Amino acid sequence: MPVEAGFRYYDTNLAGHVDEYMSVKLTVVGCSPAWPNPGGAQSGYLLEGPGRLLLDCGPGVLAKLREREDWPHVDAIAITHWHLDHWGDLVPWVWGSAFGPGEGLDKPELWVPPEGKELLCSIGGRLGQGEMFEDAFDLREYEEGVPFTAAGFEVVAHRVLHYQLVAFGFRASANGTVVGYSGDSGPSDGLGQIAHDADLFVCEATLLAPNPEGGTRGHLSSQEAIEAFEASGAKRLLLTHRPFERPLEDSLEL
């Protein structure tokens, strides 16, 4: 498969792919859409450079990470939005930190969208432990367009279009390398900000055709993802969040 100079691309035992550029590595832990692909996990993208930063933590991600180590040693987790396929494994992460192999380990930072602390406190209360997420994580909120530092990466959250939900994508930089991650998005100006001149643009491509459901957009077709990539000036495109039932042309990286 053709690749850009400087990257290595290979299958891993983590049931995903690894992309390496200079001293930043991206492991696709899970990339399933709202329903899981066979044997897969939902959204989870591990960046390793100055530290270890997990972008999103959907169902199945924790189990996949534990295939490599008894308990994931990550410095920070950042969540793009509150659909369950992007954050659901934070709940079992809490239990493993409190009663399992994560007990006594340093708490990772958990970066959440604006007002996310209040939301997690409410969810914890409904589960019987209002402070459960604060006990397991160093809980922090990011702001739209304001850089924050997580695991040694400079990260900027840009608002994207995802139905009526407040949702973001991330632009993460370290060691002279930039990775853009769309999160879940329909066509949006935010995609251009996320991917502008990036070394790698990780972009969702959920749909077979643009907007089959009508109304406010929430996802991209592969052609729309390619158009966003070409407009951004990014060097390489990796398509994700694609249902197993919707294959892509062999020329595209999935």
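Small disclaimer: the values here were computed from a predicted structure and weren't measured.

Reading guide: rules and limits
- Residues numbered from 1 in each chain as written.
- Predicted model: local features only at pLDDT ≥ 70, side-chain atom pairs only at ≥ 80, totals over all residues.
- Heavy atoms only, no water.
- Phe/Tyr/Trp six-rings, centres within 6.5 Å; stacked < 30°, edge-to-face > 60°.
- Helix = DSSP H or I, 4+ residues; strand = E, 2+ residues; numbered from the N terminus.
- Buried < 20%, exposed > 50% of the residue type's maximum accessible area, 1.4 Å probe, protein only.
- Core = buried A, V, L, I, M, F, W, Y, C linked by side-chain atoms within 4.5 Å.
- Contact = heavy atoms within 4.5 Å.
- pLDDT = per-residue confidence, 0-100.
- Pairing = 2+ DSSP bridges.
- Axes fitted to C-alpha atoms, helices over the stretch in contact; angles between N-to-C directions.

1. Side note on the packing of aromatic side chains
Working step 1: All chains considered together, the criterion is met by eight aromatic pairs.
Working step 2: Their ring planes at 75° and their centres at 6.0 Å tell us that Trp 71 and Trp 93 sit as a pair that is edge-to-face. With Trp 71 in the loop between helix H1 (61–66) and strand E6 (76–78) and Trp 93 in helix H2 (residues 90–99), the pair connects residues that are 22 residues apart, well separated along the chain. Of the two residues, Trp 71 and Trp 93, neither departs from the other in class, the shared state being buried.

2. What to know about the nonpolar core
Working step 1: Counting 27 residues, the largest nonpolar core has Ile 77, Trp 93 and Phe 133 as its most contacted members.
Working step 2: Contributing elements (two or more residues each) for this core: H1, H2, strand E7 (109–112), helix H3 (116–126) and helix H4 (132–136).
Working step 3: When residues in this core are grouped by element, the largest group, four residues, is from H2.
Working step 4: With residues near it in sequence (within four places) discarded, Ile 77 still touches Leu 53, Leu 54, Cys 57, Leu 90, Trp 93, Glu 109, Leu 110, Trp 111 and Phe 137.
Working step 5: Grouped together as the second largest cluster of nonpolar side chains are 26 residues, Leu 26, Val 28, Trp 111 and Ala 172 included.

3. A short note on the confidence of the model for the protein chain
Working step 1: Scored by pLDDT, the protein chain has a mean of 91; 91% of the residues are at 70 or more.
Working step 2: Within the protein chain, the element-level pLDDT minimum falls on strand E1 (residues 7–11), averaging 28, and the maximum on E6, averaging 99.
Working step 3: Contacts from residues 1–16, a stretch scored under 50 in pLDDT, to residues over four places away or in other chains number 44 contacts.

4. Section: unusual backbone geometry
Working step 1: Positive phi, normally seen in glycine, also occurs at Tyr 163, with a value near 55°.
Working step 2: Secondary-structure assignment places Tyr 163 in the loop between strand E10 (153–162) and strand E11 (165–174).
Working step 3: The phi dihedral of Asp 197 falls on the positive side, at around 55°, and the residue is not glycine.
Working step 4: Positionally, Asp 197 belongs in the loop between helix H5 (189–195) and strand E13 (200–204).
Working step 5: The exposure class assigned to Asp 197 is partly exposed, which follows from its relative accessible area of 42%.

5. Considering the sheet that holds E10
Working step 1: Sheet architecture is open: six strands sit in the order E9-E10-E11-E12-E13-E14, paired in mixed fashion. Each edge of the sheet is formed by a strand with only one pairing partner; in this case those strands are strand E9 (148–150) and strand E14 (237–240). Pairs of neighbouring strands in the sheet enclose a mean axial angle of 30°, with direction left out of account.
Working step 2: In this fold helix H6 (residues 222–232) packs onto E13 and E14, with an angle of close to 150° to the strand it touches most, E14.

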